[in-house]
Amino acid sequence: MQPRFDIPSRFTVMRDCLKFYVEEKERLKRALKGQRLCLTIDTWTSIQNINYMSLTTHWIDNEWNLHKRILIFCQVSNHMGDTIGQIIENCLLDWGIDKLLTVIVDNASSNSVTISYLKNVMKDWPTNILSNEHLHVRCYAQIVNLIVCDRLKEINVLVVKI
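How each quantity is defined
Residues numbered from 1 in each chain as written. Predicted model: local features only at pLDDT ≥ 70, side-chain atom pairs only at ≥ 80, totals over all residues. Heavy atoms only, no water. Helix = DSSP H or I, 4+ residues; strand = E, 2+ residues; numbered from the N terminus. Expected span 1.5 Å × (residues − 1). Buried < 20%, exposed > 50% of the residue type's maximum accessible area, 1.4 Å probe, protein only. Contact = heavy atoms within 4.5 Å. Pairing = 2+ DSSP bridges. Axes fitted to C-alpha atoms, helices over the stretch in contact; angles between N-to-C directions.

K.L.:
Please explain helix α1 (residues 10–32) as it appears in this structure.
P.N.:
Helix length check: α1 (23 residues) gives 32 Å between terminal C-alpha atoms against 33 Å at 1.5 Å per residue, within 8%. Among the residues making up α1, those that are buried are K25, L28 and L32. Those residues of α1 that are buried are in contact with β1 (37–45), β2 (51–60), β3 (66–76) and α2 (81–95). At the exit of α1 stands G34, carrying a positive phi of roughly 80°.

K.L.:
Mind showing me how you'd approach the sheet that holds strand β4 (residues 100–105) here?
P.N.:
Two modes of strand pairing occur in sheets, parallel and antiparallel, and in both the strands are linked by backbone hydrogen bonds. Read across the open sheet, the five strands follow the order β3-β2-β1-β4-β5; overall the sheet is mixed. Sheet topology places β3 and β5 (136–138) at the edges, where each strand pairs with a single neighbour. If you compare each strand with its neighbour and ignore which way they point, the axes differ by 25° on average. For β2 and β3, the ladder comprises ten bridges, and the chain directions are antiparallel. By the bridge assignment, N51 is partnered in β3 with V76. Contacting β1, β2, β3 and β4, α2 crosses the sheet at an angle of about 130° to β3. Across the sheet, helix α3 (residues 109–122) touches β1, β4 and β5, and the angle it forms with β4 is around 165°.

K.L.:
Help me understand the pairing of β2 in this model?
P.N.:
Every regular strand shows the same layout, with side chains that alternate between the two sheet faces. Counting buried positions along β2 gives eight out of ten residues, so the element sits mostly inside the fold. As paired elements, β1 and β2 share eight bridges and run antiparallel to each other. Paired with T45 across the two strands is N51, which belongs to β2. The hairpin formed by β1 and β2 contains five residues between the paired strands, and N49 there has a positive phi angle of roughly 65°. Hairpin geometry of β2 and β3 is characterised by an intervening segment of five residues between the two adjacent antiparallel strands and by a positive phi of about 65° at W64.

Next up, the structure:
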């Protein structure tokens, strides 16, 4: 629309995006330094049968502001607990995270294996609390959703009769 505007090449755009990512990652690493963090893990399979995982961190800063940032969004080979645990371990090491308070997961059976894997990895970390006894937190939103869906099935039968 503007003939005087020079459209940058795709290499320039790629270089600028990568530079921005590296700068923001370093800024976030500084913000996470010394904070006690909570993690939320979410895994799913797309309709193309590709497995994905996102790892989000939550923390409250010194001014009592709640923060939430995605640390990693990636493809995973499978939903097995050890696989997810290894990815999380690598992510924690990459981000320099050593103060972990909780890991919030849904009630999939593989998540128990993931938590056991993380507890084993973190057992010698000097910053763990109560030997990571309370590391595993189940997602209450999912539990409430399961309860409501179960009750709605019963109500649905009554509504259909009416």
